[in-house]
Amino acid sequence: QVQLVESGGGLVQTGGALRLCCAASGSIVSINAMGWYRQAPGKQRDLIARITRGGSTNYADFVKGRFTISRDNANNTVYLQIHRLKPEDTAVYYCHATVLDTTGLYTYDYWGQGTQVTVSS
C-alpha cells in the first residue's frame, strides 16, 4: 500500500505564493508520473501539472507560468510552487502518483487526501 500526504496549503492573500509538498511512502518500488490536481467547490477535479520520473513536465493551459512542478525522486516527493495567487485559485489541491508495483508489471494510481488553499481578495 502507498500513502500520499500533502502539506503546505493554507490561507494566503491575493498575489502571494505557496509551496505545496506531497510525500509518498509505503511499498514503493518506483513512482512513474506524479501530479497535482485541484478541485473547487461544485466543480470537477482538474489537472494542474504532471511530472515524469525523468523530469518531463506538462501543465494545464490555465497555469500560464504561475505554477511550477518539481520532484525529488530520492525522497518520493513532488512539489508545486504557486506564484501570484488569485482568488480563483481557491480549491482543494490533490497529489496523484502512478506507482509501479513490486512485480514490476503493473502500475496503480494513488491520491492524497488533499490540502486546502484559500486565497483572500
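This text follows the structure it describes.
A short tour of the structure in this document, coming up. Since this is a predicted model, take the numbers as computed values, not measurements.

This paragraph deals with unusual backbone geometry. The phi dihedral of asparagine 76 falls on the positive side, at around 50 degrees, and the residue is not glycine. For asparagine 76, the location among the structural elements is in the loop between strand 7 (67–72) and strand 8 (77–82). Notably, arginine 84 is not glycine yet its phi reads approximately 45 degrees, a positive angle. Its location among the elements puts arginine 84 in the loop between strand 8 and strand 9 (91–100).

As a further point, take the environment of threonine 68. Within the element layout of this structure, threonine 68 appears in strand 7. Setting aside chain neighbours within four positions, we find threonine 68 in contact with Tyr59, Tyr79, Leu80 and Gln81.

If you trace the backbone, glycine 26 turns up in strand 3 (residues 18–26). For the pair glycine 26 and glycine 55, spaced 29 residues apart in sequence, the C-alpha separation works out to 22 Å. With sequence-adjacent residues up to four places away left out, glycine 26 is seen in contact with Gln1 and Gln3.

Thresholds applied
Residues numbered from 1 in each chain as written. Predicted model: local features only at pLDDT ≥ 70, side-chain atom pairs only at ≥ 80, totals over all residues. Heavy atoms only, no water. Helix = DSSP H or I, 4+ residues; strand = E, 2+ residues; numbered from the N terminus. Contact = heavy atoms within 4.5 Å.

Coordinates in, geometry out; function isn't part of it.
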